[in-house]
Amino acid sequence: MPYLVDQPQNVGSRRDLNTPTAAIFNAHVRDNLNFLYGAPSCRVYHNAAQAITTATYTAVALNSERFDNDTMHNTVTLNSRITATTAGRYLFVSNVEFVANATGIRESRILRGATLIAGALLPVVSVDAVTVLNVATIYSMAAADDVEISVYQSSGGNLNVNSTANYSPEFMAHWLGN
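Criteria and cut-off values
- Residues numbered from 1 in each chain as written.
- Predicted model: local features only at pLDDT ≥ 70, side-chain atom pairs only at ≥ 80, totals over all residues.
- Heavy atoms only, no water.
- Salt bridge = Lys/Arg side-chain N within 4 Å of Asp/Glu carboxyl O.
- Helix = DSSP H or I, 4+ residues; strand = E, 2+ residues; numbered from the N terminus.
- Buried < 20%, exposed > 50% of the residue type's maximum accessible area, 1.4 Å probe, protein only.
- Pairing = 2+ DSSP bridges.
- Contact = heavy atoms within 4.5 Å.

Trainee: Residues and numbers for the pattern of salt bridges, please.
Mentor: Tallying each qualifying case throughout the model produces 4 salt bridges. Here Arg-43 ties to Glu-170 by a salt bridge, and the two come within 2.8 Å at their closest N and O atoms. Of this pair, Arg-43 sits in strand 1 (residues 41-45) while Glu-170 sits in strand 12 (residues 170-177), and the two are 127 residues apart along the sequence. The exposure class assigned to Arg-43 is partly exposed, which follows from its relative accessible area of 21%.

Trainee: Go over the pairing of strand 10 (residues 146-153) with me, naming the residues and quoting the values.
Mentor: Side-chain direction in a regular strand flips from residue to residue, so the side chains alternate between the two faces of the sheet. Counting buried positions along strand 10 yields 8 of 8 residues, so the element is predominantly enclosed. Relative to strand 10, strand 3 (residues 58-59) runs antiparallel, the two sharing 2 bridges. For Thr-58, the partnering residue across the bridge sits in strand 10 and is Val-151. In the sheet, strand 5 (residues 81-83) pairs with strand 10 via 3 bridges, with the strands oriented antiparallel. When the sheet's bridge partners are listed, Thr-83 is paired in strand 10 with Asp-146. Taken together, the 7 bridges between strand 7 (residues 105-112) and strand 10 define a ladder with antiparallel strand orientation. Within the sheet, the bridge partner assigned to Ser-108 lies in strand 10 and is Val-151.

Trainee: An account of the pairing of strand 12 is requested, with residue identities and associated values reported.
Mentor: Bridging between strand 1 and strand 12 involves 5 bridges; their strand directions are antiparallel. Bridging from a neighbouring strand, Val-44 pairs with Phe-171 of strand 12. Alignment of strand 6 (residues 88-98) against strand 12, held across 7 bridges, turns out to be antiparallel. Bridged to Phe-92 within strand 12 is Ala-173.

Trainee: Which residues make up unusual backbone geometry, and what values do they have?
Mentor: Cis geometry is adopted by the peptide bond preceding Pro-169, which originates at Ser-168 and carries an omega value of -25°. On the secondary structure map, Pro-169 appears in the loop between strand 11 (159-161) and strand 12. Although it is not a glycine, Ala-55 sits at a positive phi angle of roughly 60°. Structurally, Ala-55 can be placed in the loop between strand 2 (50-52) and strand 3. You will see that Asn-166, though not glycine, has its phi angle at about 60°, which is positive. The topology assignment puts Asn-166 in the loop between strand 11 and strand 12. Owing to a relative accessible area of 49%, Asn-166 belongs among the partly exposed residues under this scheme.

Trainee: Account for the side chain of Asn-95, with residues named and values stated.
Mentor: Along the chain, Asn-95 falls in strand 6. Residues in contact with Asn-95, not counting those within four places in the same chain, are Val-132, Leu-133, Asn-134, Tyr-167, Ser-168, Pro-169 and Glu-170.

In structure tokens, the structure reads:
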């Protein structure tokens, strides 16, 4: 049996009530697609080495931005944090490089407030090699929740997190959806 489509009445003299207006199309289609194409995201970094005290968890300073399209980061106030301005699931990625040192362990964590959401811990294996810690996770955030990188080292003295262009320390967030 063929499917019959209701024909609009008075074609040509009034608008078909089943056809969306430009305003409805813009509000429900165009605006949502534009949001998805420019989903809330940022990538931030620190432009200088940061000394990390031995046996102390320390927030990594992030005083510069590669991009931030949703005011998720402040380069001056609480610059170690990324704040979710849009609720939903986010992909978080951090990369931290410690200078070469043969003693102890190195740890990098992503925290939401005081709650650990992801981390990496490595024993040092060489006096000649830097230690690189990459951490990535997907985590559900409410609007105004914040995350930060916290690092730890147990070398017995201060140890720097290197500042290497486009590499360390870097922290990224990208909204994936609700």
